[in-house]
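The lines below spell out each chain.
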Amino acid sequence: MDGYPQLVTDEEFLAVRLRRGEQNTYAPYPSEIIPIRDKAVCALCGEKMARDIKSHGRPRWRCKNPECGGSVYLDDSIILERVVQKLKVLAHSPACIRLPKAAPASTDALRIENELALCFNRADINPEYMKTLIMAAAAERYAGLNDPTPAHRLALLRQKLELEPENEETLWELFESAVTHVCIGKGGEISLSQKDQKECAS
Ligand SMILES: [Zn+2]
């Protein structure tokens, strides 16, 4: 145009435009990043972080708190490597992996159990009353139990980690069950936090 020869055909020009459009709108989200994204928080303010690739396809992690403005460019391979590294540190000291604490027996449960103990020592045993007490004591104990599944899962996980602390699959299982947050710092530094641990540590 304007006296210059046309270097590419209209078809080629269009094809390139379409390709570029495709690259801009199609944001590949690697499946291995999803678990990290779900737990990613800002190390500055604790708000959730989102990942985008608006800038030339470079992954950027951005704090969702508009007043914080924390944001850092981090390649997927780097964030993955850093998370795995932290998981390995944790895996090498399984004692540091937190288990949910079992709740102490409620005072009602203890009262019912005391009453039951008294009944056993009485001469005139009333079997119906005792049965009621036993059922009530069991119900109280049961109601006071934490869900035993996560604790059991963590106990098994600790055993596996003691045998094979570098096994990738086990490390991600550790991530899944024990890690609550992946804190991302200003300089791209990563720390993992566990249940009941508000501050970012390790
Ligand atoms: Zn923030």
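So, here is what we can say about the structure in this document.

Considering the overall build of the protein chain
Part 1 of the reasoning: The helix and strand tally for the protein chain stands at seven helices and six strands.
Part 2 of the reasoning: Ordered by position from N to C terminus, the α and β elements of the protein chain give α-α-β-β-β-β-α-α-α-α-α-β-β.
Part 3 of the reasoning: In the protein chain, buried positions account for 28% of the 202 residues.
Part 4 of the reasoning: A fraction of 51% describes how many contacts in the protein chain between residues 6 or more apart in sequence connect residues 24 or more apart.
Part 5 of the reasoning: Summed over its atoms, the accessible surface of the protein chain is roughly 14,100 Å², and 56% of this surface lies on carbon and sulfur atoms.

A closer look at the pattern of salt bridges
Oppositely charged side chains may form a pair once their charged atoms are brought near each other.
Part 1 of the reasoning: Applying the stated rule across the entire model yields nine salt bridges.
Part 2 of the reasoning: Its salt-bridge partner being Asp-52, residue Arg-60 comes within 3.2 Å of it at the nearest N-O pair.
Part 3 of the reasoning: Classification of Arg-60 by relative accessible area gives partly exposed; the value is 21%.
Part 4 of the reasoning: With relative accessibility at 9%, the residue Asp-52 sits in the buried group.
Part 5 of the reasoning: The shortest N-O distance in the salt bridge between Lys-88 and Glu-166 comes to 3.5 Å. Here Glu-166 lies in the loop between helix H6 (148-163) and helix H7 (168-178) and Lys-88 lies in helix H3 (residues 76-91), a separation of 78 residues in the sequence.
Part 6 of the reasoning: Ionic contacts of the salt-bridge type, sharing partners, join the residues Asp-52, Arg-60 and Arg-62 into one network.

Quick notes on the rules
- Residues numbered from 1 in each chain as written.
- Predicted model: local features only at pLDDT ≥ 70, side-chain atom pairs only at ≥ 80, totals over all residues.
- Heavy atoms only, no water.
- Helix = DSSP H or I, 4+ residues; strand = E, 2+ residues; numbered from the N terminus.
- Buried < 20%, exposed > 50% of the residue type's maximum accessible area, 1.4 Å probe, protein only.
- Contact = heavy atoms within 4.5 Å.
- Areas by Shrake-Rupley, 256 points an atom, 1.4 Å probe, with all protein chains shown as cover.
- Salt bridge = Lys/Arg side-chain N within 4 Å of Asp/Glu carboxyl O.

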